[in-house]
Amino acid sequence: MDVVSIFIKSAFIDNLVLAYFLGMCSYLAVSKSVNTAVGLGAAVIFVLGITMPINWLINEYLLSPEGLLGTDLTFLRFIIFIAVIASMVQLVEMVIEKFSPTLYTSLGIFLPLITTNCAVLGVALLNVNAEHNFAESIVYGFGAAVGFSLVLILFAAMRERLAAADVPSPFKGSAIAMVTAGLMSLAFLGFAGLVSF
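Residues numbered from 1 in each chain as written. Predicted model: local features only at pLDDT ≥ 70, side-chain atom pairs only at ≥ 80, totals over all residues. Heavy atoms only, no water.

Draft legend 1. Structural context of a nonpolar patch on the surface. Taken together, the side chains of Leu57, Tyr61, Leu62, Leu68, Leu69, Phe134 and Ile138 define a hydrophobic patch exposed on the protein surface, amounting to about 650 Å² of accessible area. When residues of the nonpolar patch are traced back to their parent elements, those giving at least two are helix H3 (34–63) and helix H7 (134–164). No other element matches H3, which puts three residues into the nonpolar patch. Turning to its location among the elements, isoleucine 138 is positioned in helix H7. (Patch = residues over 30% accessible without salt bridge, like charges linked within 9 Å, V, L, I, M, F, W, Y side chains within 5 Å. Areas by Shrake-Rupley, 256 points an atom, 1.4 Å probe, with all protein chains shown as cover. Salt bridge = Lys/Arg side-chain N within 4 Å of Asp/Glu carboxyl O. Helix = DSSP H or I, 4+ residues; strand = E, 2+ residues; numbered from the N terminus.)

Draft legend 2. Representation of the packing of helix H4 (residues 77–99) against helix H6 (residues 118–130). Two elements in contact, H4 and H6, have axes separated by 10 Å at closest approach and are oriented at 130°. It follows from the interaxial angle that H4 and H6 lie oblique. Here H4 and H6 pass one another in a crossing that is right-handed. Facing H4, whose interface residues are Arg77, Phe78, Phe81, Ile82 and Ile85, H6 presents Val120, Leu121, Ala124, Leu125 and Val128. Within the contact of H4 with H6, the residues separate by chemical class into nine nonpolar, no polar and one charged. (Axes fitted to C-alpha atoms, helices over the stretch in contact; angles between N-to-C directions. Parallel < 35°, antiparallel > 145°, perpendicular 65-115°, else oblique. Left-handed = near helix turned anticlockwise from the far one by under 90°. Contact = heavy atoms within 4.5 Å. Nonpolar A, V, L, I, M, F, W, Y, C, P; charged D, E, K, R; others polar.)

Draft legend 3. Region of the structure containing the side chain of threonine 180. In this fold, threonine 180 is placed in helix H8 (residues 174–188). In this structure threonine 180 comes out as buried when scored by relative accessible area, which is 8%. (Buried < 20%, exposed > 50% of the residue type's maximum accessible area, 1.4 Å probe, protein only.)

Draft legend 4. Inspection of the packing of aromatic side chains at higher detail. Taken as a whole, this structure holds seven aromatic pairs when the rule is applied. With 4.5 Å between their ring centres and 20° between their planes, tyrosine 27 and phenylalanine 155 make a pair best called stacked. One end of the pair, tyrosine 27, is in helix H2 (residues 24–29); the other, phenylalanine 155, is in helix H7, and 128 residues separate them in sequence. Under the relative-accessibility criterion, tyrosine 27 is labelled buried at 1%. By relative accessible area, phenylalanine 155 is classed as buried at 0%. Members of the aromatic cluster, each reached through a chain of ring pairs, are Phe12, Phe188 and Phe191. (Phe/Tyr/Trp six-rings, centres within 6.5 Å; stacked < 30°, edge-to-face > 60°.)

Draft legend 5. Inspection of the environment of valine 167 at higher detail. For valine 167, the position within the fold is in the loop between H7 and H8. In this view, valine 167 contacts Leu162, Lys172 and Ile176; residues no more than four positions away in its chain are not counted.

This is the structure:
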C-alpha cells in the first residue's frame, strides 16, 4: 500500500477507538469538553509521532532475530515500547505544564495515563504485525493519532451539544454517550470503501 492509503486506513477505516476499541477510557473520560479533547489529541499526535519511528528502529535493529544483536528479543517488545512511550509522555507533560498550565490542569491524570493508554501501545504493536517499513510506520502512527484525535474531538463536540439537549432521563449521562459512540462507529464504517485491501 502507498502511504496515502496507509494514512486513510489508520485514521478512518481501522480507527483505534471505533474499530479496535482501544483507548476507550480516555475517549469516554476526556471527551466532555472540546478544549480538553483538542489538548489530549495534540499530545497523542506528538507522542505517537515521536515514538513510532523510535519503536520501529528498536524492533527492527535490536529486538528482531535479524537485528544487530542476532538474538530473538521480541519478548521484550511490551517493556521496551512502554519505556519509550513513558519517556515521551514525560516530555509532553513537562512542555504542556510549562506553556499551558490551564490545559495541564484540565487534562489532570489523563496526561500521564497516555503512557498506559492501550491505543498508544496498540499502534506500536499493530505496526509490528502489519510489517510496515520505516516510512510506512511513521505514516501509520501519524494517521492513527490523527484518527484518535479526530474521533475524540467530534465526540466531545457531540457530548457538549447533548448536555444542553432534552435527552430522556433513562438515557442521560453515560447511556447517551455509549449510544453516540456506537453511532459514530457505524458512521466510520462508511469509510471502508475508500481503500482497497
